[in-house]
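What the coordinates show
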Amino acid sequence: MELVHNKKPAKIILRELQDKIAEDAWDAKKRGEKVGWCASNFPQEITTAMGIPVVYPENMGAAVGAKGGGQRMCEYAEGLGYSGDLCSYSRINFAYADLKECEEQEIPMPDFLLCCNNICNCMMKWYENLALELDIPLLFIDIPHLDAPECDDNRIRYIKAQFNECISRLEEITGKKMDFEKLNQVMAISQRSSKAWLRAVGYMQYEPSPFSGFDIFNNMAVACVGRGTVEAAEAFEQLADEYEVLVREGKSTFKGEEKYRILFEGIACWANLRFTYKALQSRGINLTASVYGPAFSFIYKNLDELMAAYAYVPNSNCFEREVELRVTDAIKNKVDGAIIHINRSCKHWSGNMYEMERQLRERVGIPVITFDGDQSDPRCFSEAQYETRIQALTEIMETNKREKEGSMS
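Note that this is a predicted model, so its numbers are computed, not measured.

Points about the packing of helix 4 (residues 70-79) against helix 5 (residues 88-99)
Following both chains from N to C, one finds helix 4 and helix 5 inclined at 70°, their axes separated by 8 Å at the closest point. With respect to each other, helix 4 and helix 5 are oriented roughly perpendicular. Along the contact surface, helix 4 presents G70, M73, C74, Y76, A77 and E78, while helix 5 presents S88, R91, I92, F94, A95, Y96, D98 and L99. A class-by-class count of the residues in the contact of helix 4 with helix 5 yields 9 nonpolar, 2 polar and 3 charged.

And the structure:
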């Protein structure tokens, strides 16, 4: 496959597309259109097909954390009476809703809210509180936690009824009508984006991986905010093509020799992203397995399967299915160890991780370490603890590697 050399790299196109989506929302607000705040795993097919601009407070929370504003915004929210035990994304958002300004990143204030609980119940209470404080409507889709590997017909009907009700409510609020032919087109484009993003991250299975696994964290935002657009599909297809070329040429964006390959579990520590990456990169450790970035790909063939797809996101899935995802990825992507982020913000995700740690260690036969942190509040992360844990993991992986080489000689 030959790439067109006058094209910008896909990572630049993705960054520009993310900025354009945000800019379009601001422009819509200035024109007097209704703009919403939306949960990251809410069915984006609805708003994309209806041409309704939405922005994502979770993405803002990640960006504010990465740019160094997380602690300031969290402390402001705590000053308003919000507990420090709440998700840092929610605290950043509560602070912004009150201040209506943030030097690191700003989003237009909402006229309505879109939420679902396939992420966590904190998300539900977060958006209920916003609706009360801002006196705006909240449109909520209840996606029950799966208690079995597959989403059954009753759940699909239940979710679909709410999906249709949400469309009707949005038509009333925004004055825009749903075009179901357009919805089918958006669904098809979303599949292009999702499959291309999965193809791109799937190249991690090669040795060496054609990219630094932390590139997933830098490239994933558009999979959340714009996967139903042709521009997103084309950008992800180009990204996958670029990785394919790197595989064929034996090259990688990872700086240095890839000595060890690890599974990274959990949301990135956005406020400490550089430190967490450098501690691994300096030891020749590359991230080659993660469910976090790929989770923003939703694969389906029709409307019923779309409903099921939103029940399969990590925090809504049954635990047994989640274990299989990690075990399969760890084996396919040839990891030597695993790192689990015990995220103070995401208690629902982190609560399962102690059993996940045991399952990975026993079923894949790899060393697993955990570290304490947070997605956007730097007060919960200790550089010394992280360094110590990574050093221990490196020593174990080095010993295992020597023993394996010795047994083969």
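Brief notes about the sheet that holds strand 6 (residues 285-289)
What the 4 strands build is an open sheet, ordered 6-5-7-8; its pairing is parallel. Two strands close off the open sheet at either side, each with one partner strand: strand 6 and strand 8 (368-373). Across the sheet, the mean angle separating the axes of adjacent strands is 35° when strand polarity is ignored. Two elements, strand 5 (residues 260-265) and strand 6, share 4 bridges in a ladder whose sense is parallel. For I262, the partnering residue across the bridge sits in strand 6 and is L287.

A word on the environment of A66
Along the chain, A66 turns up in helix 3 (residues 57-66). Between the C-alpha atoms of A66 and N272, which are 206 residues apart in sequence, the distance is 7.3 Å. Excluding residues that lie within four positions of it along the chain, A66 makes contacts with W270 and A271.

Quick word on helix 4
Taken together, the buried positions of helix 4 are G70, M73, C74 and A77. Here the buried residues of helix 4 occupy an arc of 100° about the axis, which is enough to place them on one side. On the buried face of helix 4, the contacting elements are helix 3 and helix 5. Taken from the residues just after helix 4, G81 is the one with a positive phi, measuring 110°.

Points about the sheet that holds strand 1 (residues 36-38)
Overall, parallel pairing links the 4 strands, which are arranged 2-1-3-4 in an open sheet. The open sheet has two edge strands, strand 2 (54-55) and strand 4 (138-141), and neither has a second partner. Taken together, the 4 bridges between strand 3 (residues 112-116) and strand 4 define a ladder with parallel strand orientation. Counterpart to L114 in the pairing with strand 4 is L139.

Some remarks on the pattern of salt bridges
On inspection of all chains with the given rule, the structure shows 31 salt bridges. The residue E33 makes a salt bridge to K176 at a minimum N-O spacing of 2.8 Å. Pair noted here: E33 is in the loop between helix 1 (10-30) and strand 1 and K176 is in the loop between helix 7 (153-174) and helix 8 (180-202), with a separation of 143 residues, a long-range link. Take K176: its relative accessible area is 23%, and that puts it in the partly exposed class. The salt bridge partner of R321 is E150, with a shortest N-O separation of 3.5 Å. Residue R321 is located in helix 14 (residues 319-332), and its partner E150 is located in the loop between strand 4 and helix 7; the two are separated by 171 residues in the primary sequence.

So, how was this worked out
- Residues numbered from 1 in each chain as written.
- Predicted model: local features only at pLDDT ≥ 70, side-chain atom pairs only at ≥ 80, totals over all residues.
- Heavy atoms only, no water.
- Axes fitted to C-alpha atoms, helices over the stretch in contact; angles between N-to-C directions.
- Helix = DSSP H or I, 4+ residues; strand = E, 2+ residues; numbered from the N terminus.
- Parallel < 35°, antiparallel > 145°, perpendicular 65-115°, else oblique.
- Contact = heavy atoms within 4.5 Å.
- Nonpolar A, V, L, I, M, F, W, Y, C, P; charged D, E, K, R; others polar.
- Pairing = 2+ DSSP bridges.
- Buried < 20%, exposed > 50% of the residue type's maximum accessible area, 1.4 Å probe, protein only.
- Arc of directions from axis to C-beta.
- Salt bridge = Lys/Arg side-chain N within 4 Å of Asp/Glu carboxyl O.

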